[in-house]
Amino acid sequence: MSLKLYFAPGTCSFVAHAALELAGATFEPVLLKLQRGEQRSAEFLALNPHGQVPVLVDGSDAISQIVAIVLHLDQRFPEAGLLPPAGLARTRALEKLLWMNNTAHPTFSHFFAPQKFSDDAAAQASIKAQALVQYRKELAEIEQWVAHKDTPWLSGEQPGALDGYALTLLRWGGLAGIDPHTLPATWALSQQFAALPAVARAIERERLTLNLYRPQS
Ligand SMILES: N[C@@H](CCC(=O)N[C@@H](CS)C(=O)NCC(=O)O)C(=O)O
């Protein structure tokens, strides 16, 4: 079955993009320009009515949601080790993956797009400020996972989905004025992950700069 990934450079779709490359999958990458609203085209909404990337098309099936896509790829390419295969290690990896997706990622969305959550300018400023406080704590939590892991990668011996998400969340932190050097373990892990030939292909395709840090004015 043919695979196609709808992605937008620098967004959370990188987690799926890196996973496909790590799995050695043959797939067609389809770049969407979110600034141009391409995620709201009729063609894309037919694949994902939520109008968001990533979407993985596997044959005639369109799959959205990062966690669902990772689980699907993990089943399809078990040898890639995107997640631990079984047992408590798998449960713990899913626990982290879900937290990244349902907690840290939405916190950043509140910082990046506060207009989604209020149409009042003062309320937006407050949402943004509070989200930044929260996001710092969440990146600090990931830093603890990375600093105290007893395996080379976040979920085991092989690089996988958690490492791709950690890199993505750390990059976004740079946009929020969080210097990655203040999170040295996550920064080192992200650099190692980015240097893997498979991941480097995704980074090159998305034309990503790893360190986006700029001090906030
Ligand atoms: N829960 C979704 C979140 C997806 C998401 O937030 N995608 C963002 C990019 S990081 C997006 O497509 N935003 C465009 C929009 O909402 O218009 C998932 O896990 O896939």
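Residues numbered from 1 in each chain as written. Predicted model: local features only at pLDDT ≥ 70, side-chain atom pairs only at ≥ 80, totals over all residues. Heavy atoms only, no water.

## A few points about the domain arrangement of the chain
- Under the domain assignment used here, the chain contains domain 1 (3-80) and domain 2 (87-196).
- The C-alpha-based centres of domain 1 and domain 2 are spaced at 20 Å.
- Domain 1 puts 16 residues into the contact, and the matching count from domain 2 is 19 residues.
- Of the roughly 1300 Å² buried where domain 1 meets domain 2, counting both sides, 68% is carbon and sulfur surface.
- It is Val15, Leu22 and Val67 in domain 1 that bury the most area against domain 2; as a group they hold 35% of the surface buried on that side.
- For the interface between domain 1 and domain 2, the tally reads 1 salt bridge.
- The partner of Asp74 in a salt bridge is Arg90, with the nearest N and O atoms 2.7 Å apart.
- Linking domain 1 to domain 2 there are 4 residue pairs in polar contact (both at pLDDT 80 or more).
- Breaking the side of domain 1 that touches domain 2 down by element, the ones donating at least two residues are α1 (13-22) and α3 (66-76).
- The biggest single contributor to the side of domain 1 that touches domain 2 is α3, with 5 residues.
- Split by residue class, the side of domain 1 that touches domain 2 holds 10 nonpolar, 4 polar and 2 charged. (Domains from an automatic or database assignment. Contact = heavy atoms within 4.5 Å. Buried area = accessible area lost by both parts, 1.4 Å probe. Salt bridge = Lys/Arg side-chain N within 4 Å of Asp/Glu carboxyl O. Polar contact = N/O pair within 3.5 Å; in protein donor to acceptor, adjacent residues only side chain to side chain. Helix = DSSP H or I, 4+ residues; strand = E, 2+ residues; numbered from the N terminus. Nonpolar A, V, L, I, M, F, W, Y, C, P; charged D, E, K, R; others polar.)

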